[in-house]
Structures are given as structure tokens and as C-alpha cells.
Amino acid sequence: MTFTKSRQLQAKSHSLIPGGTHTYAKGDDQFPEEAPAFILQGKGCHVWDVDGNEFVEYGMGLRSVTLGHAFEPVIEAAQRQMLLGSNFTRPARIEVDYAEELLGVLKNADMVKFTKNGSDATTAAIKLARAYTRRDMVAYCADQPFFSMDDWFIGKSELNAGIPQTIRELTVTFNYNDLQSVKALFATFPHKIACLILEAETVEEPKDDFLNRLRGICDENGALLILDEMITGFRWHLNGAQAIYDVVPHLSTFGKGMGNGFAISALAGKREIMQLGGLDHASDRVFLLSTTHGAETHALAAARATLNFYKNTDVIGILHQQGERLQKGINQCSVRHNISGQFKMQGRTCNLTYITKDQKGEKSQAFRTLFLQEMIRHGFIAPSFVISYAHSNEDVDRTIEAVDLALAVYANALTDGVEKHLIGRAVKPVNRRYN
Ligand SMILES: Cc1ncc(COP(=O)(O)O)c(C=O)c1O
């Protein structure tokens, strides 16, 4: 396997595009040096890079491609719609059709607004909560990795250059499964916090009815509860994790998975709050998600076709079933190589990730890189083991065989040093202040 064309394009991309890509998680610093850098095409869960190498990939499109690349029913729906035009001077009919269909499945929402990126949706939820409560501060769950590329969230991260201190001071954090940390926030900032935003679940399950009790604390303190179902929607359940844990948020955000990779996301919620973005109320108007491309018709057609496919096929059941098969096989490999303390799978079976540790039991980017490198050598791009509907039994079985080979190298590296096996530098976390 060679990466000659990838290397040439990499040099060019960094001279043309800051970071060489449009999503940091896809960047060169996230992958080993011996890796495919650019993809030409995908089908199902298989992709082909610019050098003609074929791979099976996981976590496709940052978890947005749940049904598989170039999934025909979705592509055909988008193509048919494109031929009718993509953007008009007045709204397209499909905006109402899809809103009605989506609200037919979202149990806790009366109104919905579409947009392109998840960040637009979460930031709109924050703005709406601020307008509704007439408060400025917002609180997010510090144990969860990402909510938005916008200032209210990135301002609190290591990567906060360019974000004024005054904005950063308006955001505070609480911890998952820790009601005390939430109560402490409301005690320190009484009548100041507009909303709490969190994912209903990431790798840790909610304990002791955490989510419903959180809603209770929000109600007591006049704040809104926003559930970010960007990952969990269309993966845990069509309605997201809120359906599984039986919790009713004031607002929810959906995105990845809605349109099988097409640019579509949504803010959904209770009428009383959502209508502040509308034309028929007496309060201050909220500039809620009004963008040129927000309701591009072919993205909505793709989303309709995706929803329709989910309604007629147990996609979510299959994601869980295949994830379970994968999890079982990979866990057996780490036990066989006696490294289950160092290489650990985590998360729900439909959304598996892994942790890599060194000899001392410390989390290790070098060992992560080595594992990625060995998986790539065997034809797998696996920054996670987030499965799709397109991963067949054969794909899963081949993955387990590759993991077995990769973990054999991992086990050797634990004995004789990772640098002996790793080609080039280690990967780095996205969220860091300096290069
Ligand atoms: C939970 C969650 N919320 C929000 C976002 C932001 O979505 P986008 O990248 O589409 O702006 C992400 C993206 O990774 C996410 O995982």
C-alpha cells in the first residue's frame, strides 16, 4: 500500500486551505503518517483513496453517514429534487412536508427549524433559551466533547483564540451524573443561567434518573433543558436518547444521521419557546436560523428519504446488532493478547469508541497512532468503531481479524517500546492551544 498521491495532495492542501481540511477531526494530525489522506469515492462502508487503495471505514462522515456511502434511495431522492431546483425566492413545499413528517416521529417537539450544521442548531437553541428566559449565562456538560464551533462553547476550550473574555465568562460547566454540580451552579449564579445543554448519553449511562432530575432542577430554577441529540438521534433511537431514558427536554437538536451525510440539521422543541422565532407573537423577535441555504431542497429530500428508510427498516436494531458482534470480537482479541487493560472498547454498541493506554496505564496518543497505523495497513480506517447499516457480517469479521493482527503489534510495543513500531509522529488531540 502506497500513499504517494495522498502525500502530494497533502502538501498542496495545506498551502490552499488552513489545516488542509474543512473539519479538524479529519485533519492530518488526527491520523498516522502512513495513512490515506484524501478519499476519491465511497460505496457502503468501503472507500477508495487517491492512490487507489480500498478501505473499510468506521464513523463515516463524522457519524453522519448511517446508511452507507452513496446509498441509492437517498441519492435518487436528492437527484430527483435537484432537477426541480434547489433554492427559490419563496419557501419550497418540501420544507413543510419534511417538517410535518419529522414532527410526526419526534415525540417532544411541536415545531422544528432546519439548518445545515449541528453547530447552527445548538447555537440557535442557546440563543432561543437566552431570549425566552431573558438571561445571559449558559451551562454545558464538561464531560462531553463537543457542542458547537461557536463562541459560547469554543470560548471555554483550549482553542479559544479570537473569542472575547466577556463571552467566555457567560459560559459555565457542570458534570454528567452529578446533580450536585448543577445545584452548585444555580446557587452561585441565581437567576442568571438561561439553559443547560448536554447529550443525554455519551459513554456513561445516566444514573439514578439523572436526566429527569436535571429537568426538575431546570424547572425549579427557571432554566431550559436542551438535549443535543446530534449523535444519539437516528442512532440510539429515531427520537434520540431522550426516548430511551424517557426524559422531556424543552429543546432538542438533531443533525448527523438525519440525511445520510447531506447537510441538514434541526432545532426542535415546544411551541411556546420555538414560536419566538416566528411572526405571530407580541414578544421581542428572535432571529432564529435564517440562512440562505438552510432549507436547500435536495438536502431535505435526502432527509425525507432517510427518514422513510428508517421507518420501514430496523436500521437502529441493525446498528446495535452489528456493533455488538464487533464489540464481542474485539474484546476477545484484547483478552487473547492479554492487553484488555490497555486497549478498551467503550460506549453503546451503535457508537463504539476505544481508549489506548501505555505500559503505565496512562492514556497514550502514541499507542492510538500505532493502532490506527496497523489497522490502515490491513485496510481499515478506524478512528472509532462507530458502525453503519452498511457494515456487513463479512466487513465486521474482517475487521476483527485485522484488530487481532493490530493488537499483536500493540502487545509487542508494550514490551519493547512503541517507537520501535510507530512510523513517524503520534496524533494529537484537536482541542489544544498550540500546534
Ligand atoms: C454532540 C454534537 N453536537 C454538535 C456538534 C456540531 O455539529 P456540526 O459539526 O455539524 O456543526 C457535534 C459535531 O461533532 C456533536 O458531536
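This section reports on the structure supplied with the text. Small disclaimer: the values here were computed from a predicted structure and weren't measured.

Let us now look at the overall build of the protein chain. Helix and strand counts for the protein chain come out as 15 helices and 13 strands. Looking at the 435 residues of the protein chain, the share that counts as buried comes to 51%. Sequence separation of at least 24 residues holds for 72% of the intrachain contacts in the protein chain that already meet a minimum separation of 6. When the accessible surface of the protein chain is split by element, carbon and sulfur atoms take 50% of a total near 20200 Å².

Looking at the ligand, the residues that line it are Asn117, Gly118, Ser119, Phe146, Phe147, Glu199, Asp228, Met230, Ile231 and Lys256. A distance of 2.7 Å separates an oxygen atom of the ligand from a polar atom in the backbone of glycine 118. Phenylalanine 146 is positioned such that a nitrogen or oxygen atom in its backbone is 3.4 Å from a nitrogen atom of the ligand. Coverage of the ligand by the protein amounts to 79% of the 390 Å² it exposes when considered alone. Class assignment for the residues of the shell around the ligand results in four nonpolar, three polar and three charged.

If you look at the biggest cluster of nonpolar residues, it comprises 123 residues, and the most contacted ones within it are Leu102, Phe114, Leu196, Leu198, Phe343, Phe371 and Phe385. With 11 residues, helix 15 (residues 393-416) is the single largest residue contributor to this core. Those residues within four positions of phenylalanine 343 in sequence are excluded, and the remaining contacts are Ile330, Ser334, Tyr354, Ile355, Thr356, Phe371, Phe385, Leu407 and Tyr410. In this structure, Phe31, Ala35, Ile376 and Ile381 belong to the second largest nonpolar core, which totals seven residues.

If you trace the four strands from one edge of the open sheet to the other, you get 1-2-3-13, paired in mixed fashion. Strands at the two margins of the open sheet, each flanked by one partner only, are strand 1 (39-43) and strand 13 (380-381). Here strand 3 (residues 54-57) runs beside strand 13; their pairing, made up of two bridges, is parallel. Directly across from valine 56, in strand 13, lies its bridge partner phenylalanine 380.

On to helix 3 (residues 72-82), then. All buried positions along helix 3 are accounted for by Val74, Ala77, Ala78 and Gln81. For helix 3, the angular spread of the buried residues around the axis is 95°, confining them to a single face. Buried-residue contacts for helix 3 involve helix 4 (93-105) and helix 12 (297-312).

Mapped onto the secondary structure, threonine 297 falls in helix 12. Once residues within four sequence positions are removed from consideration, threonine 297 is found in contact with Gln81, Gly85, Ser86, Phe88, Ala92 and Ile94.

The next thing to look at is empty space enclosed by the protein. In this structure the tally under the stated criterion is one cavity of 30 Å³ or more. Each pocket or cavity is described by its volume, and for the largest cavity that value is around 50 Å³. Taken together, Leu106, Lys107, Asn108, Ala109, Asn239, Gln242, Ser252, Phe254, Ala268 and Gly269 make up the full set of residues lining the largest cavity. Of the residues in the lining of the largest cavity, the class split is four nonpolar, five polar and one charged.

Strand order in the open sheet formed by seven strands is 4-10-9-8-7-5-6, with mixed pairing between adjacent strands. The two strands at the open ends of the sheet, each matched to only one other strand, are strand 4 (111-115) and strand 6 (171-174). Recorded for the sheet is a direction-independent mean angle of 20° between the axes of neighbouring strands. Bridge analysis of strand 7 (residues 193-198) against strand 8 (residues 224-228) gives four bridges, and the strand direction is parallel. Within strand 8, the residue paired with leucine 198 across the bridge is leucine 227. Strand contacts of helix 8 (residues 179-188): strand 5 (137-141), strand 6 and strand 7, with the helix running at about 150° to strand 6, the strand carrying the most contacts.

Glancing now at the state of the cysteines. What the rule picks out here adds up to zero disulfides. Not part of a disulfide, cysteine 350 finds its nearest cysteine sulfur in cysteine 45, a span of 17 Å.

Time to look at unusual backbone geometry. Positive phi, normally seen in glycine, also occurs at arginine 134, with a value near 55°. Structurally, the position occupied by arginine 134 is in the loop between helix 5 (118-133) and strand 5. Residue classification places arginine 134 among the exposed residues on the basis of a relative accessible area of 62%. Phi angles above zero are rare outside glycine, and asparagine 177 is one such case at about 60°. Within the element layout of this structure, asparagine 177 appears in the loop between strand 6 and helix 8. Judged by relative accessible area, asparagine 177 falls into the partly exposed class, the value being 22%.

In this structure, the second largest pocket encloses a volume near 1000 Å³. Among the elements of the structure, helix 4 and strand 4 are those that each provide at least two residues to the lining of the second largest pocket. Counting residues per element, the lining of the second largest pocket draws most heavily on strand 4, at five residues. Along the lines of polarity and charge, the residues of the lining of the second largest pocket split into 16 nonpolar, 12 polar and five charged.

Packing of helix 8 against helix 9 (residues 210-220) brings their axes to within 11 Å, and their N-to-C directions diverge by 10°. By the criterion of interaxial angle, the relationship of helix 8 to helix 9 is roughly parallel. Contacts between helix 8 and helix 9 involve Leu179, Val182, Lys183 and Phe186 from the first element and Phe210, Arg213, Leu214 and Ile217 from the second.

With that settled, consider the pairing of strand 12 (residues 353-356). Consecutive side chains of a regular strand alternate in pointing toward one face of the sheet and then the other. Side chains Thr353 and Ile355 of strand 12 all project onto a buried face; the interleaved residues Tyr354 and Thr356 project onto the opposite face, where all are buried too. With four bridges connecting them, strand 11 (residues 343-346) and strand 12 associate as antiparallel partners. Paired with phenylalanine 343 across the strands is threonine 356, a residue of strand 12. Linking strand 11 to strand 12, which pair antiparallel, is a turn of six residues; within it glycine 347 sits at a positive phi near 100°.

Rules and cut-offs
- Residues numbered from 1 in each chain as written.
- Predicted model: local features only at pLDDT ≥ 70, side-chain atom pairs only at ≥ 80, totals over all residues.
- Heavy atoms only, no water.
- Helix = DSSP H or I, 4+ residues; strand = E, 2+ residues; numbered from the N terminus.
- Buried < 20%, exposed > 50% of the residue type's maximum accessible area, 1.4 Å probe, protein only.
- Contact = heavy atoms within 4.5 Å.
- Areas by Shrake-Rupley, 256 points an atom, 1.4 Å probe, with all protein chains shown as cover.
- Near = heavy atom within 4 Å.
- Polar contact = N/O pair within 3.5 Å; in protein donor to acceptor, adjacent residues only side chain to side chain.
- Nonpolar A, V, L, I, M, F, W, Y, C, P; charged D, E, K, R; others polar.
- Core = buried A, V, L, I, M, F, W, Y, C linked by side-chain atoms within 4.5 Å.
- Pairing = 2+ DSSP bridges.
- Arc of directions from axis to C-beta.
- 1 Å grid on protein atoms, 1.4 Å probe; cavity = no way out; pocket = protein on both sides within 12 Å on 5 of 7 lines; lining within 4 Å.
- Points joined across faces, edges and corners; volume = space filled by probe spheres on them.
- Axes fitted to C-alpha atoms, helices over the stretch in contact; angles between N-to-C directions.
- Disulfide = S-S within 2.5 Å.
- Parallel < 35°, antiparallel > 145°, perpendicular 65-115°, else oblique.

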